[in-house]
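# Architecture at a glance
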Amino acid sequence: MKKTLTILGFLAVFPAGVALADDDCFVPMADWQPRDAVARLAEENGWTVRRIKIDDGCYEIDGRDAEGRRIEVTVHPATLQVIEFEYEDVDGRPSSDRKNQGND
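A few points on the structure. Since we're looking at a predicted model, the values are computed, not measured. (Residues numbered from 1 in each chain as written. Predicted model: local features only at pLDDT ≥ 70, side-chain atom pairs only at ≥ 80, totals over all residues. Heavy atoms only, no water.)

### Observations regarding the packing of aromatic side chains
Any pair of aromatic rings gets described here by the distance separating the centres and the angle formed by the planes. Stated formally: Aromatic rings from Phe, Tyr and Trp, taking only the six-membered ring of Trp, are treated as a pair when their centres fall within 6.5 Å; an angle between ring planes under 30 degrees marks them as stacked, one over 60 as edge-to-face, and anything in between as tilted. Segments assigned H or I by DSSP are reported as helices when at least four residues long, segments assigned E as strands when at least two residues long, and all are numbered from the N terminus. Exposure classes here rest on a 1.4 Å probe applied to the protein chains alone. A residue is buried below 20% of its type maximum, exposed above 50%, and partly exposed in between.
By the definition in use, this model includes three aromatic pairs. Ring geometry for Trp 47 versus Phe 85: centroids 5.6 Å apart, planes at 40 degrees, classification tilted. In this pair, Trp 47 sits in the loop between α3 (35-44) and β1 (48-55) while Phe 85 sits in strand β4 (residues 82-88), placing the two residues 38 residues apart along the sequence. When the centroid spacing of 5.8 Å and the interplanar angle of 50 degrees are considered together, the rings of Phe 85 and Tyr 87 count as tilted. On the basis of relative accessible area, Phe 85 is assigned to the buried category, the value being 14%.

Right, dumping it as structure tokens:
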């Protein structure tokens, strides 16, 4: 919990427009994949899901990866493409892998 609060506090320091501009998903709800499809994506990747929520118009998966690290994955709601993958490093520090929406 302390780590989450620390990360959130750190992110609050950055201007919202710069820090979150690439994370927003602007997709009409009619074009969204169902939540079950997001759960299947997680299962296929070996992730254990604690919660699937909507944040800034994107799906967000909170859980653990196959190695047991805590993860937060941002997923495009229409394509189910991973936009960002954040995880706790071996030493407990957060790391992230940001992907462009149009590239695999």
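### Regarding the nonpolar core
Threshold: Nonpolar cores were defined as sets of buried Ala, Val, Leu, Ile, Met, Phe, Trp, Tyr and Cys residues, with membership established by side-chain atoms within 4.5 Å. In what follows, residue pairs with any heavy atoms lying within 4.5 Å of each other are defined as contacts.
In terms of nonpolar packing, the biggest core is built from 17 residues, with Val 38, Trp 47, Tyr 59, Ile 61, Val 73, Val 75 and Phe 85 touching the most fellow members. Every element with two or more residues in this core is listed here: α3, β2 (58-64), β3 (70-75) and β4. The element that contributes the greatest number of residues to this core is α3, accounting for four residues. If near-sequence neighbours (up to four positions away) are discounted, Ile 61 is found in contact with Val 38, Ala 42, Trp 47, Val 49, Arg 51, Ile 52, Ile 71, Glu 72, Val 73 and Val 75.

### Details of α3
The line we're drawing: For this quantity, the arc is that covered by the directions from the helix axis to the C-beta atoms.
Restricting attention to buried positions, one finds in α3 the residues Ala 37, Val 38, Leu 41 and Ala 42. One side of α3 holds all its buried residues, which, seen down the axis, span an arc of 145 degrees. Exposed side of α3, more than 90 degrees from the buried face: Asp 36, Glu 43 and Glu 44 are the residues found there. Close packing links the buried residues of α3 with β1, β2 and β3. Positive backbone phi, approximately 80 degrees, marks Gly 46, located one or two places after α3.

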